[in-house]
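# Structure at a glance
This is what each chain is made of:
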Amino acid sequence: MTDRKTDTTEPSTERGVVTWHSSDEDSGPDVGLSIGLGDGKLLWVGEVPDRDGWCLAIYHPLCKGGREDLASFHDAESARAFFDEMERLANHG
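Summary of the structure given here.

What counts and what doesn't
- Residues numbered from 1 in each chain as written.
- Predicted model: local features only at pLDDT ≥ 70, side-chain atom pairs only at ≥ 80, totals over all residues.
- Heavy atoms only, no water.
- Helix = DSSP H or I, 4+ residues; strand = E, 2+ residues; numbered from the N terminus.
- Buried < 20%, exposed > 50% of the residue type's maximum accessible area, 1.4 Å probe, protein only.
- Areas by Shrake-Rupley, 256 points an atom, 1.4 Å probe, with all protein chains shown as cover.
- Core = buried A, V, L, I, M, F, W, Y, C linked by side-chain atoms within 4.5 Å.
- Pairing = 2+ DSSP bridges.
- Phe/Tyr/Trp six-rings, centres within 6.5 Å; stacked < 30°, edge-to-face > 60°.

Here we come to the overall build of the protein chain. Check the secondary structure of the protein chain and you find one helix and six strands. For the protein chain, the α and β elements follow one another from N to C terminus as β-β-β-β-β-β-α. The buried share among the 93 residues of the protein chain stands at 37%. For the protein chain, the accessible surface area stands at approximately 5600 Å², while carbon and sulfur atoms represent 48% of it.

Below, the structure written as structure tokens:
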């Protein structure tokens, strides 16, 4: 079972922990989703500063500025489908 938490502040970098990021504490992940990768890293799918739409990014202390943008998504639904598959792989190999 995947640990999930809803949070509007700090995501977890603990491997496999999913955080929903919402503009309203009672809503779904309308800002983004993150999954901890361990070792202070996390995979982010959602809104990022200075970009339009939803993006895929990795946050890691060694990345320039702490974040490396990897891809953009056509829409939020595509981003969510991608994230769900990454979550499955991270937790079940």
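A positive phi angle is found at Asp39, which is not glycine, with a value near 55 degrees. Residue placement: Asp39 occurs in the loop between strand E3 (32-38) and strand E4 (41-46). Judged by its relative accessible area of 72%, Asp39 is exposed. One non-glycine residue with positive phi stands out, namely Asp50, at about 65 degrees. When you line up the elements, Asp50 lands in the loop between E4 and strand E5 (55-59). According to the relative accessible area criterion, Asp50 is exposed, its value standing at 82%.

What follows concerns the nonpolar core. Listed in full, the 11 residues of the largest apolar core are Val18, Leu33, Ile35, Leu43, Val45, Trp54, Leu56, Phe73, Ala79, Phe83 and Ala90. Of all elements in the fold, only E3, E4 and helix H1 (76-92) reach the threshold of two or more residues within this core. If one sorts the elements of this core by residue count, H1 sits on top with three residues. Membership of the second largest hydrophobic core comes to five residues, among which are Leu42, Trp44, Cys55 and Ala57.

This part covers the pairing of E3. Counting buried positions over the seven residues of E3 gives six, a clear majority of the element. Relative to E4, E3 runs antiparallel, the two sharing six bridges. Bridge assignment links Gly36 to a residue of E4, and that residue is Leu42. Adjacent in sequence and paired antiparallel, E3 and E4 are bridged by two residues, among which Asp39 carries a positive phi angle near 55 degrees.

Here we come to the packing of aromatic side chains. Considering all chains together, one arrives at two aromatic pairs under this definition. Between the aromatic rings of Trp44 and Tyr59, the centroid separation amounts to 6.5 Å while the plane-to-plane angle is 80 degrees, which identifies the pairing as edge-to-face. Of this pair, Trp44 sits in strand E4 while Tyr59 sits in strand E5, and the two are 15 residues apart along the sequence. On the accessibility criterion, Trp44 (9% relative accessible area) is buried. Ring centres of Phe73 and Phe82 lie 5.5 Å apart, and the angle between their planes is 50 degrees; this geometry places the pair in the tilted category. Taking relative accessible area as the criterion, Phe73 reaches 17% and is therefore assigned buried. A relative accessible area of 28% means that Phe82 is categorised as partly exposed.

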